[in-house]
Structures are given as C-alpha cells and as structure tokens.
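Observations on chain architecture
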Amino acid sequence: MPDPTQLARWVRDARERSLALVADLSPEQLKGPRLAIVNPLHWEIGHVAWFQEFWALRHGRVEKALRADGDALWDSGAIAHETRWDLPLPSIEETKAYMREVRDRLVHRLATAPPSRELHYLALYTVFHEDMHGEAFTYTRQTLAYPPPPTTAGLAPDLAAGPLGGDAEVPGGTFKLGSGTDEPFVFDNEKWAHAVDVAPFAIARAPVTQEQFVAFVEDGGYARRELWSESGWRWRTGVEAAHPVYWRRDAVGWHRRDFDRWVRLEAHRPVIHVSWYEAEAYCAWAGRRLPTEAEWEAAASLEPGPGGRGLSARKRRFPWGDDPPTPQRANLDGRAGGGADVGALAGGDSAFGCRQMIGNVWEWVADDFRPYPGFAPDMYRDYSQPWFGTHKVLRGGCWVTRARLLRNTWRNFYTPDRRDVWAGFRTCRL
Ligand SMILES: [Fe+2]
C-alpha cells in the first residue's frame, strides 16, 4: 500500500497520463464515431475525474458536488453507452479544468485530512480506475486509427530478442487461487485465495507470435469450420473475419495497422488484437489448448515444491518474485510504444521458465469470468458482478498497462468477441 505522499504522486501521475493521452487530438477526434466498443474520449476523460470526485471526495460525506451537472453527465452506471455522444458536455477546456480541480482537491485532502484507511482505499481505487481507462484511451486510439499515444518516460527494454520456443512443465497439486488477505489492495473479483487442484500440465514459455499465427491464417484456418466452436463460427461468419482485424496482405506480404500507420508483421512479437474465438480456433489447428485460469496463475506464481517435486506452498506476487516490475522484467507503462519480441525480458521469467506473463500482451485463458467462492461486491458494485458468466478472463497485462495495477492474481475480463483490446494468448499441450 503506498504511503500518502506516494498515493498523492499516483493521483497526479494518473491524471497527467490521461491528459497526455488526449492532448494531441482535435475536438472531432475526441468525439469520434458512435461505436459499441469505444466511448467518446471527450466524455470519458470527464468520467474518470467524476468517478474520483464521487468516490474519493464525496463518498460518505455531505459535500456539495463540484459541478451540479456532474452526476447527470458522467455516471457510467446510469448513462447508457449509446447516449454518451449526445450529452450536453462542457467544452474540452472546461472538462480539463474540472479534471485538474478534482485532482488538486484530492491531493490537498490526502495531505491535510487525518489518516483514514477509507480515504486511502478510495483514492487508490480511483487511481486504478483511471489507469484502466487510460488503457482504454490507447485501444480507442488504435480502433480509430489515431496517431500512437506518447510514450512515457523511462528506459525502454530491448524489444528485438527473437522467438522463445518450448513448454514449461508444471507439476500438479493443490494451490490457492486468488489473492490472500495479506494483499494490501485487491479488487472484489480476486477475493479470496481458495484451494484448487491442477493436474500436471505443459504451458508454452511464450505467447503465440505473429509468425505462428500467420501459419494458421495461410493454412486456411479461418475457413475451416471444424477448427471453430459453434459460437466461434457464428462470430467469425458474422464479422466475416479472414485474418486478425488489423492485418492486410499485399504483394510484399502481411502488414498490420499500428495506430495510424501500416507496418510489416513483426515475426517474433505476440499476435495481438485477436478475439477469444480466434485464440480457440488457433489452438484447435495447432493441436493445443488455452490454459485454464488456475493453470495460468500456477505457472506464473508457484515454484517447484520440496525436492523439486509438486508445487510450493509459497506464491510469488509476480512471476520473478515479490519485487515490483522493472523495465528489465516486464514491458509495461507504455514505455516501449508497443510490443516486445517474446524472447525479450528474460529477467521476468517465472520459476518454471514462462516469460512475459506480466506485461507485453494480455492473455486470454479458457475460463468464463466467474466469482470466486464467497464473492461479495465491493462498494463499487458494478465493477465485476454484472459481467460474470458473459465475459472471458485475461491475465497478465499488456505493454500499456500501468505497472502499479498488476500482480499475478489480477483478473481482466472482456466478451469473447472483443478483438480491439490488447489481447493475445499462450497455449498448453493437450
Ligand atoms: Fe469507469
């Protein structure tokens, strides 16, 4: 848990990043087209500030709202998605002034209010909420073919390290899936660690690369009905997918759209922007399968048991141990401006030899997003609960995810048709 000074720094940093992610966009770009998979950025930047005001400044207090119209404009639980383009929003400059005002008030409160666990928790919650929207700002920029977002300060890792083949062998056993109560901050869907059994399994040391995925595409993978589940085939035919959404082929070969420009495929970088259904069909073609959520977490966080047999009781917070991410261990924070080769960042390997389980690309796993036993929603009741059963789980974070948000037990979730998000996958041996 960060101390109040560190927390205030995060509050400022998250807001700065939000502002930087939209600074170069015109009013027309900030409105953007009406699509189910994006929000108008003009609305979304106000929403992150409103969420912070609502929870960290107003929750549990009798305090006047900063703007009389705030709740009517930016409450995502109350304002239907398709209406967000039609709201009487304040101008962009006014919205940015509101964002700064909320930030300054919260920083002031953190510095002057008596220490309070509740304030600390709520402030942190709003920082993480903003971090998640920040990631959405970046995939919105990809969806709408806007220029790449600015990279953040800090040393970028060496991205060109080539491929990484082979499987990590993980022994079976019982372990505790989920977050322990010693974790300082967790979201409701990670609560709490509970015993699960896994049979011995072999999981790829690296995510599936673009080169590997090309082989599936060129082998007619999208046209072969037998490789797709019923719902996968329905999705594929519905959107007429014949390759990943941002790919195209010309006389010289395959290219992918990276924000507003076309680049040659990067053979050894992970395939990204594929739906869960595409991952499932690839696995059927390759004679592999997606890891379960429990297998993914076991491979990321456990060590070999005593005498090299079975699984350790100890769980690592990150694949490499308990220390926080560094640029040598994980590709995060938008530092590198994109994905790294799957062979890069050996310093972040798990005890079983899996690489980049944190950072670079979100990884679809087999499971539906479901509550852990004894689930109870946190005060923000709509964070997880409405999405159980309809979404699939993703693990690990991507190149643009904020490092402070992540740990091995962190669960992300999207519907299986989403291919606009920074998602890829790794596979297990059958
Ligand atoms: Fe939100």
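To be clear, the structure that these remarks concern was listed above.
Residues numbered from 1 in each chain as written. Predicted model: local features only at pLDDT ≥ 70, side-chain atom pairs only at ≥ 80, totals over all residues. Heavy atoms only, no water.

With that settled, the discussion passes to the coordination of the iron ion. Surrounding the iron ion are the protein donor atoms His47 (NE2), His129 (NE2) and His133 (NE2), which sit 2.2 Å from the metal. Sequence spacing of the donor residues for the iron ion, all on one chain, is H-x81-H-x3-H. In this pair, His47 sits in helix 3 (residues 41–58) while His129 sits in helix 6 (residues 117–143), placing the two residues 82 residues apart along the sequence. (Donors = N, O, S within 2.8 Å, 3.2 Å for Na, K, Ca; no water. Helix = DSSP H or I, 4+ residues; strand = E, 2+ residues; numbered from the N terminus.)

Along strand 11 (residues 411–414), one buried face is formed by Arg411 and Phe413 and the opposite face, lined by Asn412 and Tyr414, is buried too. With 4 bridges joining them, strand 10 (residues 392–395) and strand 11 adopt antiparallel strand pairing. The partner of Leu394 across the bridge, within strand 11, is Asn412. (Buried < 20%, exposed > 50% of the residue type's maximum accessible area, 1.4 Å probe, protein only. Pairing = 2+ DSSP bridges.)

For helix 5 (residues 92–112), spanning 21 residues, the distance from its first C-alpha to its last is 30 Å, which sits close to the expected 30 Å at 1.5 Å a residue. Buried within helix 5 we find Ile92, Thr95, Lys96, Tyr98, Met99, Val102, Arg103, Leu106, Val107, Arg109 and Leu110. Taken around the axis of helix 5, the buried residues stretch over an arc of 165°, which confines them to a single face. Exposed positions of helix 5 whose direction lies more than 90 degrees from the buried face are Glu93, His108, Ala111 and Thr112. Residues of helix 5 that are buried make contact with helix 1 (4–22), helix 2 (27–31), helix 3, helix 4 (70–74) and helix 6. (Expected span 1.5 Å × (residues − 1). Arc of directions from axis to C-beta. Contact = heavy atoms within 4.5 Å.)

To continue, consider the layout of surface pockets. In this structure, the largest pocket encloses a volume near 1,200 Å³. Lining the largest pocket are 40 residues, and of these Asn39, Ser76, His133, Tyr380 and Trp387 lie nearest its centre. Mapped onto the lining of the largest pocket, the elements with two or more residues apiece are helix 3, helix 6 and strand 11. Among the residues making up the lining of the largest pocket, the classes are represented as 21 nonpolar, 12 polar and 7 charged. A volume near 320 Å³ is recorded for the second largest pocket. Class assignment for the residues of the lining of the second largest pocket results in 2 nonpolar, 6 polar and 9 charged. (1 Å grid on protein atoms, 1.4 Å probe; cavity = no way out; pocket = protein on both sides within 12 Å on 5 of 7 lines; lining within 4 Å. Points joined across faces, edges and corners; volume = space filled by probe spheres on them. Nonpolar A, V, L, I, M, F, W, Y, C, P; charged D, E, K, R; others polar.)

Counting across every chain of the model gives 0 disulfides. A disulfide-free cysteine, Cys283 has its sulfur positioned 8.5 Å from the sulfur of Cys428, the nearest such atom. Using a relative accessible area of 0% as the deciding quantity, one classes Cys428 as buried. (Disulfide = S-S within 2.5 Å.)

It is worth spelling out the pattern of salt bridges at this point. Under the defined criterion, the tally for this structure stands at 42 salt bridges. The closest approach of N and O atoms between Arg317 and Glu183, which form a salt bridge, is 2.5 Å. In this pair, Arg317 is assigned in the loop between helix 10 (293–301) and strand 9 (362–368) and Glu183 in the loop between strand 2 (173–177) and strand 3 (194–198), connecting sequence segments 134 residues apart. Taken together, the shared-partner salt bridges in this structure form one network comprising Asp13, Asp131, Asp333, Arg335, Arg402 and Arg404. (Salt bridge = Lys/Arg side-chain N within 4 Å of Asp/Glu carboxyl O.)

Okay, the nonpolar core next. Across soluble globular proteins, nonpolar side chains have a tendency to be buried as a group. Membership of the largest hydrophobic core comes to 95 residues, with the highest contact counts inside it found for Phe213, Phe216, Trp228, Trp422 and Phe425. Of the residues forming this core, the biggest block, 11 residues, is contributed by helix 6. Non-local contacts of Trp422, meaning those with residues more than four positions away in its chain, are made with Glu135, Thr138, Tyr139, Gln142, Phe259, Ile272, His273, Val361, Trp362, Cys398, Trp399 and Val400. In terms of nonpolar packing, the next biggest core, distinct from the first, is built from 26 residues, Phe175, Ala299, Met357 and Tyr372 among them. (Core = buried A, V, L, I, M, F, W, Y, C linked by side-chain atoms within 4.5 Å.)

Our next topic: the packing of aromatic side chains. This model, assessed by the stated rule, comprises 45 aromatic pairs. On the basis of an interplanar angle of 90° and a centroid distance of 6.5 Å, the ring pair of Phe259 and Trp399 is categorised as edge-to-face. In this pair, Phe259 sits in the loop between strand 6 (253–258) and strand 7 (261–264) while Trp399 sits in the loop between strand 10 and strand 11, placing the two residues 140 residues apart along the sequence. Both residues of the pair, Phe259 and Trp399, belong to the buried class. Over the ring of Tyr372 we find Arg411, and its NZ or CZ is 4.0 Å from the ring centre. (Phe/Tyr/Trp six-rings, centres within 6.5 Å; stacked < 30°, edge-to-face > 60°. Lys NZ or Arg CZ within 6 Å of the ring centre and 35° of its normal.)

On to the environment of Trp296. Of note, Trp296 is situated in helix 10. What makes Trp296 buried here is its relative accessible area of 1%. Each C-alpha atom, one on Trp296 and one on Leu394, is 9.8 Å from the other, the two residues being 98 residues apart in sequence. Ignoring any residue separated from it by four or fewer positions in sequence, one finds Trp296 in contact with Pro291, Met357, Glu363, Val365, Arg395, Gly396, Asn408 and Arg426. Only 2.8 Å separates the side chain of Trp296 from the side chain of Glu363, close enough to count as a polar contact. (Polar contact = N/O pair within 3.5 Å; in protein donor to acceptor, adjacent residues only side chain to side chain.)

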